Amino acid sequence: MQVSSVNNVKIYNLSHGKSLPEWLSDRKKRALQKRDVDVQRRIELIQDFEMPTVCTSIKVSRDGQYILAAGTYKPRIRCYDTYQLSLKFERCLDSDVVTFDILSDDYSKLVFLHIDRYVEFHSQHGFYYKTRIPKFGRDFSYHNPSCDLYFVGASSEIYRLNLEQGRFLNSLQTDATEINVCDINPVHHLLAAGTVEGKVECWDPRTRARVATLDCALSSVTEATEVEGLPAVSALRFNGSLGMAVGTTTGQVLQYDLRSSRPLLVKDHYYGLPIHSLHFHEQLDLVMSADSKIIKMWHRDTGKAFSSIEPPTNINDVCVYPGSGMLFTANEDPKMNTFYIPALGPAPRWCSFLDNLTEELEENPESTVYDDYKFVTRKDLENLGLTHLIGSPLLRAYMHGFFMDIRLYHKVKTMTNPFAYEEYRKEKIRQKIEESRVQRVQLKKLPKVNKELAMKLMEEVQNEDALSAARKKKAKGTTSILRDDRFKVMFENPDYQVDERSEDFRLLNPIVSKVGQKRRQELQRLAEQDSPQKDDEEGEEAEGRGSSEEEESSDDDKSWVEEVREQRRLLRAEEKARRFKDTRQEDRNTSLQSSNPPRSSHTGPAQGRGQPRFYQIKDGEEFRSFGDVARKQKMQKASLEQRVKLEERAGMLHLADAAIGSKQLTFTLKKTEKQRNQQQAERDHHEERRKIRRAAGHLHTRGRGRGRGGGRGRGRGRGRF
């Protein structure tokens, strides 16, 4: 049994529990039930409450004693007796059942609508009669006063079969192309049919005339509804004499009062799946609507959610046991689920012991593994050397592997790896040693990048830890950069290495160092304050603390200002020395070029060996030296970064200008792999076309009339090569 709570409403899944493998024999199943405690504790409310493959529909007789379910494969009907809590009978059918109905209070009169257009009648002893309708049927309803069966399906007609006369009567002609569902009101016997066009047509069986038409497709679309296509009616259910609920194929439930054409409430499942089951709970005034994924229970007047059930497999049909909190579901699974909700009502009389059990049940974890069997794949069998057992009774094929006895698996595992225990023991010893090493003094493991910064941050963390230990409470400080994953790249990527020789670092380092020193002094002072001292000593220290702090702060301000000034002076001196050195080097290079001009074989007598070179100064330019011309030519071909460096060396870019925009960003446009492949393909194509290109100069054309050799020209108005 599984217990779940949705919206504070407990739901008990009585079909949940540890299942036994189907390939076990009955004798082994009984032996396993005696040994296994989990199997003994499971609740099997009704014995063999399942189908071979899939259950399509399920219903309860009006007297509440019998539960009938239709399923496949092979197509069959099963009847369960609730007084005996077991299967009463099973009947196999010729084809799958679309839907069925119970005409009597017990199971003695049954009607089945088959997928191949046949309508089959069963009595208490078994098969009674079979007939056929003209079109494929989808649903039918029984009108008790006239003994008429109304069939709807892939046709615009509603077929009438009178069971008293045993013949078909005149059909009801509708305006729809196809009809999905139908229902008859139990109070005034109004017949309602839901069409593919999203309309509900209401007919009076007494006059066989249409009394009203309700358009539900337009009303189901609201502002928050997302629909694709025209919503069709997929479910229909009357509630009393004036209430009606309509379900659409797009997942909406519309609640109507028959005196109004507008819905009182529109409830959306938000799954976009067709609604196939609708039920009303009179005691709590609830509506139960179900699609293939979920069963929702909500208040009829407000639409507020009460609870919901979401089975692990798709739902085909839902049946509520009358006057109780129990409901059954037909699923795309062999097992038919049984849910018990105490908030909806008490347990049925035939299982009243559930009320006592549910008071003591608690949530238990789901067990889906067979404890007595081990699932192994073919690769596991190759590692164990058991491939020769494939096909023997020791291995049971299941899905993509095999089930084998757990005792055999452990025995073979021990034989193939006799040192497994030794390896396990060594691993446990290693874990114990690692745990003991944590208590020792840990060495500082510095990163590869920014080691000095990491050491500084470690010292700050240690000081904060010491302060918190002195205060004997946790300090509410900021997280260290070393402990923050957002800054780990700063200690891994070499591009983030701090350059201590840069201008920015040398100007900011005095300020940062002084702030760090003040912080360490403050931490030390707070730690000393937390140590036990006498009251008179604290009073004497507090007297001169104000003046001393003011003097220290003023001295500190003066000290870091002087350090910054000293760094600026050193930077100017280094810049001046570097600029002087670069100027001398450029002058030396210029003198060498002027003394050794380049040789030329076409020089005249004025440009012979050893002759000086002359330069012409453009208008508006001032002559400085021969190095300026070479520098300008070099700067025209250089990038922005190289030009800035050359101007800094030449003194044309001052420190004040560099401080304003000293940060540089270099952008490199990287092409994607697709662009590079496309460019390479274009280059290869052009190269191939260039190689195979042939000149056409040696080809001549012939004009109109005779040729050069006296021959008569054959072309008219066009030349021939």
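Residues numbered from 1 in each chain as written. Predicted model: local features only at pLDDT ≥ 70, side-chain atom pairs only at ≥ 80, totals over all residues. Heavy atoms only, no water.

Now for the overall build of the chain. Scanning the chain for helices and strands turns up 15 helices and 32 strands. Relative to its 721 residues, the chain shows a buried fraction of 33%. Long-range pairs, those at least 24 residues apart, make up 45% of the contacts in the chain between residues at least 6 apart in sequence. Roughly 48,800 Å² of accessible area belongs to the chain as shown, and the carbon and sulfur atoms make up 49% of that amount. (Helix = DSSP H or I, 4+ residues; strand = E, 2+ residues; numbered from the N terminus. Buried < 20%, exposed > 50% of the residue type's maximum accessible area, 1.4 Å probe, protein only. Contact = heavy atoms within 4.5 Å. Areas by Shrake-Rupley, 256 points an atom, 1.4 Å probe, with all protein chains shown as cover.)

I58, M326 and F328 are the most contacted members of the largest nonpolar core, which has 24 residues in total. At the level of elements, strand 3 (54–60), strand 4 (66–72) and strand 28 (326–331) are the ones that each hand at least two residues to this core. Not counting residues up to four positions away in its chain, the partners in contact with F328 are F49, I58, V60, I67, D317, V318, C319, Y321, N337, T338 and W350. Counting residues in each nonpolar core, the second largest holds 15 residues, with A290, I295, L327 and L344 among its members. (Core = buried A, V, L, I, M, F, W, Y, C linked by side-chain atoms within 4.5 Å.)

By the criterion of burial, strand 12 (residues 148–153) is predominantly enclosed, with six of the six residues buried. Looking at chain direction, strand 11 (residues 137–143) and strand 12 are connected through six bridges and run antiparallel. Pairing of D139 across the sheet is with V152, part of strand 12. Where strand 12 lies against strand 13 (residues 157–162), four bridges are found, and the strand directions are antiparallel. Counted as the bridge partner of Y150 is R160 from strand 13. Counted along the chain from strand 12 to the antiparallel partner strand 13, the turn is three residues long. (Pairing = 2+ DSSP bridges.)

For the coordinates displayed, the defined rule picks out 11 aromatic pairs. Between F121 and Y129, the ring centres sit 6.5 Å apart and the planes meet at 35 degrees, which makes this aromatic pair tilted. Aromatic ring contacts, followed pair by pair, group F49, Y80 and F328 into a single cluster. Sitting over the ring of F136, R117 keeps its end group 5.6 Å from the ring centre. Positioned over the ring face of Y118 is K130, at 5.0 Å from the centre of the ring. (Phe/Tyr/Trp six-rings, centres within 6.5 Å; stacked < 30°, edge-to-face > 60°. Lys NZ or Arg CZ within 6 Å of the ring centre and 35° of its normal.)

Let's shift gears to the sheet that holds strand 20 (residues 243–248). Pairing between sheet strands relies on hydrogen bonds along the backbone, with the strands arranged either parallel or antiparallel. Within the open sheet, the four strands sit side by side as 19-20-21-22. Their pairing is antiparallel. Strands at the two margins of the open sheet, each flanked by one partner only, are strand 19 (233–239) and strand 22 (265–268). Going from strand to strand, the sheet's axes swing by 15 degrees on average, the running direction of each strand aside. One ladder, built from four bridges, connects strand 21 (residues 252–257) with strand 22; its direction is antiparallel. (Axes fitted to C-alpha atoms, helices over the stretch in contact; angles between N-to-C directions.)

Moving on, we get to the pattern of salt bridges. When the charged atoms of two side chains lie near each other, side chains of opposite charge can form a pair. What the rule picks out here adds up to 16 salt bridges. Here E427 makes a salt bridge to R430, at a shortest N to O gap of 2.5 Å. Of this pair, E427 and R430 both sit in helix 7 (residues 420–437), three residues apart, roughly one helical turn. With relative accessibility at 34%, the residue E427 sits in the partly exposed group. (Salt bridge = Lys/Arg side-chain N within 4 Å of Asp/Glu carboxyl O.)

Where strand 5 (residues 76–81) and strand 6 (residues 86–92) come together, six bridges link them in antiparallel fashion. Opposite C79, over in strand 6, you have F89 as the bridge partner.

What the five strands build is an open sheet, ordered 1-2-29-28-27; its pairing is antiparallel. Every interior strand has two partners, whereas the edge strands, strand 1 (2–6) and strand 27 (315–320), have only one. Pairwise comparison of adjacent strand axes, ignoring direction, gives a mean angle of 25 degrees for this sheet. Note that strand 1 and strand 2 (residues 9–13) share five bridges and pair antiparallel. Among the inter-strand pairings, S5 is bridged to a residue of strand 2, identified as K10.

Before going further, it helps to spend a moment on the confidence of the model for the chain. When pLDDT is averaged along the chain, the result is 78, and 71% of the positions lie at 70 or above. Every residue in residues 655–661 scores below 50 in pLDDT, and together they form three contacts with partners more than four places removed in sequence or on other chains. Note on residues 703–721: pLDDT is under 50 here. Beyond four places in sequence and across chains, it has 16 contacts. (pLDDT = per-residue confidence, 0-100.)

Turning our attention to the side chain of R160. Turning to its location among the elements, R160 is positioned in strand 13. Within the structure, R160 has its side chain in polar contact with the backbone oxygen of N170 (distance 3.1 Å). (Polar contact = N/O pair within 3.5 Å; in protein donor to acceptor, adjacent residues only side chain to side chain.)

Time to look at the side chain of N337. By the secondary structure assignment, N337 is in strand 29 (residues 337–340). You can call N337 buried: its relative accessible area is 8%. Excluding residues that lie within four positions of it along the chain, N337 makes contacts with N13, S15, P311, L327, F328, T329 and N331.

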